[in-house]
Each structure stands twice: as C-alpha cells, then as structure tokens.
Amino acid sequence: QVRLDQSGGGSVRPGGSTRVSCESYGYNLEKKCIGWFRQAPGKEREGVAAIDPGDGSAHYIDSVKGRFTVDLDYDERTVHLQMDNLKPEDSARYYCAAASWCGGSWSLRSSYYNYWGQGTQVTVSP
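Residues numbered from 1 in each chain as written. Predicted model: local features only at pLDDT ≥ 70, side-chain atom pairs only at ≥ 80, totals over all residues. Heavy atoms only, no water.

Caption draft 1: Spotlight on the state of the cysteines. Overall, the coordinates contain two disulfides when judged by the stated rule. Between the sulfur of Cys22 and that of Cys96 lies a disulfide, 2.0 Å long from S to S. Given an S-S torsion of about 65°, the disulfide between Cys22 and Cys96 has right-handed geometry. On the criterion of sequence distance, the pair formed by Cys22 in strand S3 (residues 18-25) and Cys96 in strand S9 (residues 92-98) is long-range, its members being 74 residues apart. Pair check on accessibility: Cys22 and Cys96 agree, each one buried. Across the disulfide, Cys33 is cross-linked to Cys102 (sulfur-sulfur distance 1.8 Å). Judged by the torsion about the S-S bond (-60°), the Cys33/Cys102 disulfide is left-handed. With Cys33 in the loop between S3 and strand S4 (34-39) and Cys102 in the loop between S9 and strand S10 (115-116), this pair connects stretches of sequence that are 69 residues apart. Overall, the relative accessible area of 4% leaves Cys33 in the buried class. (Disulfide = S-S within 2.5 Å. Helix = DSSP H or I, 4+ residues; strand = E, 2+ residues; numbered from the N terminus. Buried < 20%, exposed > 50% of the residue type's maximum accessible area, 1.4 Å probe, protein only.)

Printed below as a string of structure tokens:
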C-alpha cells in the first residue's frame, strides 16, 4: 500500500541545480526513516543522504555535502532532494527510499529500506 512517486530531475549543466521530489502515499513521513540513493550505469547503488529520525537532521556522503539538501514537507507528504552546484559525476538515477521501521537510527545501506520510488534521472553535462 505504500507508494513513493518521484518527479523532477532532468538534464542540467555543470554548476546548475535541480530538485528531485518524492511524494509518499500510505507512509507516515513523521517516522523520518528516509534515504536518498543514486545509481549510475554499471555502478552499485550508492546512498547519498539519510534523515536521522531522532532529530530530523540529514546526513550526507562527503561528495555531496554542501551541495545537496534534503527537505521534508509534511503537509504535502513529500521529501525533496535539492541538488546545487551539480557535477558530471552526479549523473545517476536518483531514488528515494523509506523504511517501515528504523528504530530511531538512520542508514545509507539500501537493504535498510523497504519502500522505493521509481527513480528519477539526473544528467549533468555541458
């Protein structure tokens, strides 16, 4: 019954910005068991950000720190991944993910999450 519907992304020039959105259905965002992942062709899925359900803060891998921001919009049941100062190496299909249970902790491991969005392509090129 849980569904995560993604939108946004697209083709962006280096240094540009885009936003990927993940609208949730049948999932309580107040659990804050939320993560963002990306996968480029031929590469493993990589966790890029996750919400700490304890305090709501977001954690990011080093390569995106200062450039990516996770925002929760409870009224719209939507999680946003704002992506600024994009680099070609950011090109990937981006996925939002949610866990039915996270026990007050966060994780960047894909196996941690039960529910996944369909993915949104972000391509960064001149």
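Read on for the rest.
Caption draft 2: Expanded view of unusual backbone geometry. At Lys32, a position not held by glycine, the phi torsion is positive, near 60°. With relative accessibility at 16%, the residue Lys32 sits in the buried group. With a phi angle near 55°, Arg77 is a residue other than glycine that sits in the positive phi range. With respect to the element layout, Arg77 can be found in the loop between strand S7 (68-73) and strand S8 (78-83). Taking the relative accessible area as the measure of exposure, Arg77 reaches 35% and is therefore partly exposed.

Caption draft 3: Structural detail: the pairing of S3. Here strand S1 (residues 3-8) runs beside S3; their pairing, made up of six bridges, is antiparallel. Each residue of the ladder has a partner; that of Gln6, found in S3, is Cys22. (Pairing = 2+ DSSP bridges.)

Caption draft 4: Quick peek at the packing of aromatic side chains. All chains considered together, the criterion is met by seven aromatic pairs. Its guanidinium or amino end placed over the ring of Tyr25, Arg3 lies 4.1 Å from that ring's centre, counting from NZ or CZ. Cation over ring: Arg45 sits above Tyr95, and NZ or CZ is 4.1 Å from the ring centre. (Phe/Tyr/Trp six-rings, centres within 6.5 Å; stacked < 30°, edge-to-face > 60°. Lys NZ or Arg CZ within 6 Å of the ring centre and 35° of its normal.)

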